[in-house]
Amino acid sequence: MSTAIKISKEIAEDARITSKVTRRSMAGQIEYWAFIGKTAEDNPDLSFLVIKDILLGRQQLKEGLGTPYIFGEGD
């Protein structure tokens, strides 16, 4: 289900341009920014790059690539 929202022309223009580079829809780009922003707010001690790497690693595990790290093993 989608919901219409109002955003500034500046953000819409940034999303339009960026979406072409990232090959997302304009709405998809704004959703991505919102997701990353929410994740960053929930984890203020992590940098964007760390958040991005964690999300990438989680997706790789979901797709059967790699093995999860278990703390305390292999020390």
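For the structure, see preceding data.
Keep in mind the model is a prediction, meaning the values are calculated, not measured. (Residues numbered from 1 in each chain as written. Predicted model: local features only at pLDDT ≥ 70, side-chain atom pairs only at ≥ 80, totals over all residues. Heavy atoms only, no water.)

A. Summary view of the overall build of the chain. In terms of helices and strands, the chain carries three helices and zero strands. For the chain, the α and β elements follow one another from N to C terminus as α-α-α. Taken over the C-alpha trace, the chain has a radius of gyration of 16 Å; the compact-globule value for 75 residues is 11 Å, which it surpasses by more than 25%. With respect to the three principal axes, the spread of C-alpha positions in the chain is 55 × 25 × 25 Å. The 75 residues of the chain split such that 9% are buried. Looking at the chain as shown, the accessible area adds up to about 6,700 Å², and 59% of this sits on carbon and sulfur atoms. Computed over 10 positive and 11 negative side-chain charges, the separation of the two mean positions in the chain equals 12 Å. (Helix = DSSP H or I, 4+ residues; strand = E, 2+ residues; numbered from the N terminus. Rg over C-alpha atoms; globule rule 2.2 N^0.38 Å. Buried < 20%, exposed > 50% of the residue type's maximum accessible area, 1.4 Å probe, protein only. Areas by Shrake-Rupley, 256 points an atom, 1.4 Å probe, with all protein chains shown as cover. Lys, Arg positive; Asp, Glu negative; His and termini not counted. Charge placed at Lys NZ, Arg CZ, Asp CG, Glu CD.)

B. The arrangement of the packing of helix H2 (residues 26-42) against helix H3 (residues 48-62) in detail. H3 packs onto H2 with a crossing angle of 105° between their chain directions and a minimal axis gap of 10 Å. By the angle class used here, H2 and H3 are roughly perpendicular. Contacts between H2 and H3 involve Tyr-32, Phe-35, Ile-36, Thr-39 and Ala-40 from the former and Phe-48, Ile-51 and Leu-55 from the latter. Of the residues in the contact of H2 with H3, the class split is seven nonpolar, one polar and no charged. (Axes fitted to C-alpha atoms, helices over the stretch in contact; angles between N-to-C directions. Parallel < 35°, antiparallel > 145°, perpendicular 65-115°, else oblique. Contact = heavy atoms within 4.5 Å. Nonpolar A, V, L, I, M, F, W, Y, C, P; charged D, E, K, R; others polar.)

C. Region of interest: H3. For H3, spanning 15 residues, the distance from its first C-alpha to its last is 21 Å, which sits close to the expected 21 Å at 1.5 Å a residue. Where H3 ends, the next residue or the one after it, Gly-64, has phi of about 80°, a positive value. (Expected span 1.5 Å × (residues − 1).)

D. Seen up close, a nonpolar patch on the surface. On the surface, a cluster of nonpolar side chains totalling about 380 Å² of accessible area is made up of Ile-5, Ile-7, Ile-11 and Trp-33. Among the structural elements, Trp-33 can be located in helix H2. (Patch = residues over 30% accessible without salt bridge, like charges linked within 9 Å, V, L, I, M, F, W, Y side chains within 5 Å. Salt bridge = Lys/Arg side-chain N within 4 Å of Asp/Glu carboxyl O.)

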